[in-house]
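# Coordinate analysis (summary)
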Amino acid sequence: MASSSPSPVTFPQLPFSPKRPPPVPIFKELHFNHDLSATKKLQAGVDLVANLIGVTLGPKGRNVVLENKYGPPKIVNDGETVLKEVELEDPLENVGVKLVRQAGAKTNDLAGDGCTTSIVLARGLIAEGVKVLAAGMNPVQIARGIEKTARALVSELKLMSREIEDHEIADVAAVSAGNDYSVGNMIAEALKRVGRKGVVRIENGKCTENSLQIVEEGIEEEALAPIIRNKLKGVLKGVAIKAPAFGERKSHCMDDIAVLTGGTVVRDEMGLTLEKAGKEVLGSAVNIVITKDSTLIVTDGSTQHAVEKRVAQLRNLVENSEEKFKKKILNERIARLCGGIAIIKVGAQTVVELKDKKLRIEDALNATKSAIEEGVVVGGGCSLLRLSMKVDSIKESLDNEEQMIGADIFKRALSYPSKLIAKNAGINGDVVVEKVLSSNDVRYGYNAAKNCYEDLMAAGILDPTKVVRCCVEHAAAVAKTFLTSDVVVVDTKEAEPISRQRLMPTSNLMRTSNLMPTSNLMRTSNLTPKSVKYGQ
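Rules and cut-offs
Residues numbered from 1 in each chain as written. Predicted model: local features only at pLDDT ≥ 70, side-chain atom pairs only at ≥ 80, totals over all residues. Heavy atoms only, no water. UniProt positions renumbered as here; feature names shortened; annotations may be inferred. Helix = DSSP H or I, 4+ residues; strand = E, 2+ residues; numbered from the N terminus. Buried < 20%, exposed > 50% of the residue type's maximum accessible area, 1.4 Å probe, protein only. Contact = heavy atoms within 4.5 Å. Areas by Shrake-Rupley, 256 points an atom, 1.4 Å probe, with all protein chains shown as cover. pLDDT = per-residue confidence, 0-100. Expected span 1.5 Å × (residues − 1). Salt bridge = Lys/Arg side-chain N within 4 Å of Asp/Glu carboxyl O. Axes fitted to C-alpha atoms, helices over the stretch in contact; angles between N-to-C directions. Parallel < 35°, antiparallel > 145°, perpendicular 65-115°, else oblique. Left-handed = near helix turned anticlockwise from the far one by under 90°. Nonpolar A, V, L, I, M, F, W, Y, C, P; charged D, E, K, R; others polar. Phe/Tyr/Trp six-rings, centres within 6.5 Å; stacked < 30°, edge-to-face > 60°.

Looking at an unreviewed UniProt entry, the protein carries the name RuBisCO large subunit-binding protein subunit beta, chloroplastic isoform X3, with the source organism given as Phoenix dactylifera. In the Sequence similarities (unreviewed entry) part of its UniProt record, the protein is described as follows: "Belongs to the chaperonin (HSP60) family."

This is how it looks when you write it as structure tokens:
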């Protein structure tokens, strides 16, 4: 009879190693909104961050210095960059910062500019909303009034908007760059060369001045060794150019060049190799200009029909794609085929100045793209003031009195950006708002750069409609969430862990009792000289 071997003994698995202590539970603190105590704490964080980035608003806005532990400090005038650095010690105030940060971040992601205005407008909605909540109003109905008013204001904004003209592109870019017309003119020139649908890229330059370079890239790949050999023998004049990008993007770029030149891409997937390829796979071009950084391919137009078909396919991909980065790559490919690529190289004396100038140019370029996409309205915060005059008619479509109060909150908050622009220019904001609204001319407003009242459209003070729209929508969304919050849950502050590592004594050579426990496999008493016999 065969004997069966005993089954192995299994031990229950612990959720943590027996050599390590169990994980410490994370405790939470609950802050209930008794007498608006939690709301006031959150509002303190909102006010702090709004005051911080508010100093950058307008043509006379100041800079903010940001500490950098691993390099020189950053001196920036960009609200979105400052917003990323804000982290408060008080957990409730920090939650307020993170909440209002969503308005600026979302506006910057979609429109590329307007982060500071979103934060200031959200701060106005929250400040005015907390006042009515203290009077005992229903926060849910107040929030619904704000939401409905925001939708109606966006519709009114579209009626105020108009398409941007070519000579106004420099004005929009300059206003976004802090009234720097050297930047505005450079961006306008770039878009004039590559077209409104062309691609403009910003890179670090090696000189102290900004420069503009127009590039239409078309790049092809050849085997390097045979070309060098034929060149040295004088048999063939040729040059090898490394294909751009990598992976799938590289393959797509090669296909685009093949369509442009009428050639064929030699690749294994197509069943072609260099050994079997003949003259029929070669493309043609009238002129090819190659520099260290770029390649320009000029054709005779014989492949125009194929290029237009290829561009139409790429534009369909752009319309059906939701990912922002993928759209950017597709637009670059379209620009290579039918437009061009402009490269603005930013130069400065120091790294600190370079970063500041680059952020300003990026904001200006993004604002210009938004203006081309959805048009422009009067700038200087005056478009928001004109929208505030539409609120009284919007109130008639609301359901109840509390929603109308929400509309009144929006009406008062719309003046906050204009007041702050005037304050940064050293002028009383209330006086500016009153004088602007006293005129029925929608183009009339306050020019903070020149400290005068004039026709802002004629003066070139324009804001992209998309930026203003995103500011209204995202500030309203954040304010609605803020005013309807009643409990805040945050992590408790962790106590500093006590170090278990003991320092080695400076006297004596070694104390074995500090290095090894006596209850383990070997007791330290067995290692003492008394238990060891020498000379045996």
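From this point, the discussion proceeds with the structure in view.
The next thing to look at is the overall build of the protein. Counting its regular elements, the protein contains 19 helices and 13 strands. Residues classed as buried in the protein amount to 40% of the 536 residues present. Considering only residue pairs separated by 6 or more positions, the protein has 70% of its internal contacts joining residues 24 or more positions apart. Carbon and sulfur atoms provide 53% of the accessible area of the protein, an area that totals close to 31,800 Å².

We now examine the confidence of the model for the protein. Per-residue confidence for the protein averages 80 on the pLDDT scale, and 80% of its residues sit at or above 70. Under a pLDDT of 50 for its full length, residues 212–222 has, in the predicted model, 44 contacts with residues more than four places off or in other chains. Overall, residues 502–536 carries pLDDT values under 50, and its contacts beyond four positions in sequence, including any with other chains, amount to 12 contacts.

On to helix α4 (residues 115–134). Structurally, the α-helix is built with 3.6 residues per turn, so residues lying three or four positions apart point the same way. A rise of 1.5 Å per residue sets the reference length of α4, with its 20 residues, at 28 Å; its end C-alpha atoms lie 29 Å apart and thus fit the reference within 8%. By the criterion of burial, α4 is predominantly enclosed, with 16 of the 20 residues buried. Gly-136, located one to two residues past α4, shows a positive phi value of around 95°.

It is worth spelling out the pattern of salt bridges at this point. One pass over the structure, following the stated rule, counts 21 salt bridges. One salt bridge in this structure joins Arg-412 and Glu-128, with 2.9 Å as the shortest N-O distance. Of this pair, Arg-412 sits in helix α15 (residues 401–413) while Glu-128 sits in helix α4, and the two are 284 residues apart along the sequence. For Arg-412, a relative accessible area of 37% gives the class partly exposed. A residue is classified by how much of its surface remains accessible, and Glu-128, at 8% relative accessible area, is buried. The network of salt bridges with common partners includes Lys-41, Asp-90 and Glu-93.

As a further point, take helix α6 (residues 169–176). Of all 8 residues in α6, 6 are buried; the element is thus mostly enclosed. In the stretch just after α6, Gly-178 is the one whose phi turns positive, near 80°.

Two quantities define a packed helix pair, namely the angle between the helix axes and the distance between the axes. Two elements in contact, helix α10 (residues 304–320) and helix α11 (residues 324–338), have axes separated by 9 Å at closest approach and are oriented at 165°. Regarding the angle of α10 to α11, the classification is roughly antiparallel. Considering how the two elements wind past one another, α10 and α11 form a crossing that is left-handed. Contacts between α10 and α11 involve Val-307, Arg-310, Val-311, Leu-314, Arg-315, Leu-317 and Val-318 from the former and Lys-327, Leu-330, Asn-331, Arg-333, Ile-334, Leu-337 and Cys-338 from the latter. Taken together, the residues of the contact of α10 with α11 break down into 9 nonpolar, 1 polar and 4 charged.

A few words on the packing of helix α1 (residues 37–54) against helix α3 (residues 91–111). Where α1 contacts α3, the axes come no closer than 7 Å and their chain directions differ by 60°. Regarding the angle of α1 to α3, the classification is oblique. Here the hand of the crossing between α1 and α3 comes out right-handed. Seen from α1, the contacting residues are Ala-38, Lys-41, Leu-42, Ala-44, Gly-45, Val-46 and Val-49; seen from α3, they are Leu-92, Glu-93, Val-95, Gly-96, Val-97 and Val-100. Per-class residue counts for the contact of α1 with α3 are 9 nonpolar, 2 polar and 2 charged.

A few words now on the packing of aromatic side chains. By the definition in use, this model includes 2 aromatic pairs. Taking the centre distance of 6.2 Å and the plane angle of 15° together, the rings of Tyr-444 and Tyr-453 count as stacked. On the basis of an interplanar angle of 50° and a centroid distance of 5.2 Å, the ring pair of Tyr-446 and Tyr-453 is categorised as tilted. The exposure class assigned to Tyr-453 is partly exposed, which follows from its relative accessible area of 25%. Feature note: the residues Tyr-444, Tyr-446 and Tyr-453 constitute an aromatic cluster, connected by ring pairs.

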